[in-house]
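Overview (structure and organization)
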Amino acid sequence: MRFFLFSTLGLTCLLPFAPTPEVHLVTSLPAASASPSTQTPLWRLPVKGTLTRLSEFSRPTSDWGAGHRGVDFLPESAVLAPHAGRIAWLGLAFGVPTLVLEHGDGSTEVFQPVCALRPKRAAVLAGAAIASFCASKQNDHCSRLGCVHWSYRLTDGQYLNPLRMVGLIGPAKVSV
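Residues numbered from 1 in each chain as written. Predicted model: local features only at pLDDT ≥ 70, side-chain atom pairs only at ≥ 80, totals over all residues. Heavy atoms only, no water.

1. Things to note about the sheet that holds strand 5 (residues 79-80)
Within the open sheet, the three strands sit side by side as 5-11-9. Their pairing is antiparallel. Of all the strands in the sheet, just strand 5 and strand 9 (114-116) have a single pairing partner and so form its edges. Sheet topology places strand 5 next to strand 11 (residues 129-133); two bridges connect them, and they run antiparallel. Residue Val 79 lies in a different strand from strand 11, and its bridge partner there is Ala 131. (Pairing = 2+ DSSP bridges. Helix = DSSP H or I, 4+ residues; strand = E, 2+ residues; numbered from the N terminus.)

2. Things to note about the state of the cysteines
For the coordinates displayed, the defined rule picks out two disulfides. Linked covalently through their sulfurs, Cys 115 and Cys 134 form a disulfide whose S-S length is 2.1 Å. The sign of the S-S torsion, about 105°, decides the handedness of the disulfide formed by Cys 115 and Cys 134: right-handed. Pair noted here: Cys 115 is in strand 9 and Cys 134 is in the loop between strand 11 and helix 1 (141-145), with a separation of 19 residues, a long-range link. By relative accessible area, which is 34% here, Cys 115 ends up partly exposed. Shown here is the disulfide that connects Cys 142 with Cys 147, its sulfur atoms set 2.2 Å apart. Across the S-S bond linking Cys 142 and Cys 147, the dihedral sits near -100°, which makes this disulfide left-handed. Residue classification places Cys 142 among the buried positions, given a relative accessible area of 1%. Taken in N- to C-terminal order, the disulfide-linked cysteines of the protein chain are connected 1-2, 3-4. (Disulfide = S-S within 2.5 Å. Buried < 20%, exposed > 50% of the residue type's maximum accessible area, 1.4 Å probe, protein only.)

3. A word on the pattern of salt bridges
Using the criterion set out here, one finds one salt bridge in the structure. Across the pair Glu 56 and Arg 53 runs a salt bridge whose closest N-O atoms are separated by 3.6 Å. For Glu 56, a relative accessible area of 41% corresponds to the partly exposed category. (Salt bridge = Lys/Arg side-chain N within 4 Å of Asp/Glu carboxyl O.)

4. Overview of the nonpolar core
If you look at the biggest cluster of nonpolar residues, it comprises 25 residues, and the most contacted ones within it are Val 79, Leu 99, Phe 111 and Ile 130. Sorting the residues of this core by element identifies strand 4 (71-74), strand 7 (96-102), strand 11, strand 12 (148-153), strand 13 (159-160) and helix 2 (162-165) as the ones contributing at least two each. Once you skip the residues sitting within four places of it in the chain, Leu 99 turns out to touch Ile 87, Trp 89, Leu 90, Glu 109, Val 110, Phe 111, Val 114, Ala 116, Ile 130 and Ala 131. (Core = buried A, V, L, I, M, F, W, Y, C linked by side-chain atoms within 4.5 Å. Contact = heavy atoms within 4.5 Å.)

This is how it looks when you write it as structure tokens:
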């Protein structure tokens, strides 16, 4: 059994999950462009319509440092899978209802506080409804505000802004 270090809302825990090597996806491509296409984009927003953000990604200065390792958004309806994968873990992380979506390359997306609409180990396509907002009894910031926290973590443990994956932000530009 494999484990991954899950850190959110200033708390850290070790969560078990079984790898799913049978899912083979290309995740290194940028998000689909705005030009018309007959292909389904690899990444999409976790909501239908416009993504209303409440809190932005803030990279910590160290692995254990303070920061916001994801984006908080208002779910107007069901939370959608931004990328194809498999629901690797469902449960309470420090009392907060959590869903972990694992991709074929081992990277993961975490959503909380959410109630799952699919069972553990279910394979999902990008755009499939996977969860709905549900407040926790822990009084975390998203339960109070009615938002969902969304983070994206690479296999090496590095968190990336999930907005980069859906094409809402690009790489930083440095002037010389």
